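Tertiary structure, described
The lines below spell out each chain.
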Amino acid sequence: MGAGHDVLLERPVRWTLGMQLEDDGSRGMGGSGGYAHPARGYAFAYVTSHLAGFDRVDALAEAVDRAVG
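Residues numbered from 1 in each chain as written. Predicted model: local features only at pLDDT ≥ 70, side-chain atom pairs only at ≥ 80, totals over all residues. Heavy atoms only, no water.

**Regarding the pairing of strand E4 (residues 33-37)**
The side chains of a regular strand alternate between both faces of the sheet. To be explicit about the condition: Think of it this way: DSSP has to see at least two bridges between two strands before they count as a pair. Helix numbers and strand numbers start at the N terminus; a helix is a DSSP run of H or I with at least 4 residues, a strand a run of E with at least 2.
Pairing geometry for E4 and strand E5 (residues 42-46), over five bridges, is antiparallel. Opposite Gly34, over in E5, you have Ala45 as the bridge partner. What sits between the antiparallel neighbours E4 and E5 is a turn of four residues, in which Gly41 has the positive phi angle 80°.

The structure is reproduced here in structure tokens:
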């Protein structure tokens, strides 16, 4: 795992196995995201082909969480 200042994001970041590691584990970059929910026994990932906001991935993650619920 590595850590340092990301000049593009203009903030400190941590990286693991080629992915950015967020404190809450729930975001990717540019509208893509992925995480695991071990207590509920599932993982979720959503990948876009373009940079976007997180509205779509947030709505999908909430729908999956309700469906698994």
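**Quick notes on the confidence of the model for the protein chain**
Should pLDDT be low for a region, the predicted coordinates there are not to be read in detail. Worth spelling out the cut-off: pLDDT measures how confident the predictor is about each residue, on a scale from 0 to 100.
With 86% of its residues at a pLDDT of 70 or more, the protein chain shows a mean pLDDT of 80. Ranking the elements of the protein chain by mean pLDDT puts strand E3 (residues 19-20) last, at 70, and helix H1 (residues 55-68) first, at 88.

**What to know about the side chain of Thr48**
Quick reminder of the rule: Between N or O atoms, a polar contact is any pair within 3.5 Å; within protein, one atom must be a potential hydrogen donor and the other a potential acceptor, and residues adjacent in sequence are included only when both atoms are from side chains. We call two residues in contact when some of their heavy atoms are within 4.5 Å.
Following the sequence through the fold, Thr48 ends up in the loop between E5 and H1. Within polar-contact distance, the side chain of Thr48 engages the backbone oxygen of His50 at 2.5 Å. In this structure Thr48 touches Gly30, Gly31 and Ser32, once residues within four positions along its chain are discounted.

**Description of the pairing of strand E2 (residues 11-16)**
Here five bridges tie strand E1 (residues 2-6) to E2, and the two strands are oriented antiparallel to one another. Paired with Asp6 across the two strands is Arg11, which belongs to E2. Between the end of E1 and the start of E2, which pair antiparallel, lie four residues, with Glu10 showing a positive phi angle near 55°.

**As for the environment of Gly31**
This is how the line gets drawn: Accessible area is worked out with a 1.4 Å probe on protein chains only. A residue is then buried under 20% of its type maximum, exposed over 50%, and partly exposed in between.
By the secondary structure assignment, Gly31 is in the loop between E3 and E4. Taking the relative accessible area as the measure of exposure, Gly31 reaches 2% and is therefore buried. Leave out the neighbours within four places in its chain, and Gly31 touches Tyr46, Thr48, Ala52, Gly53, Phe54 and Val57.

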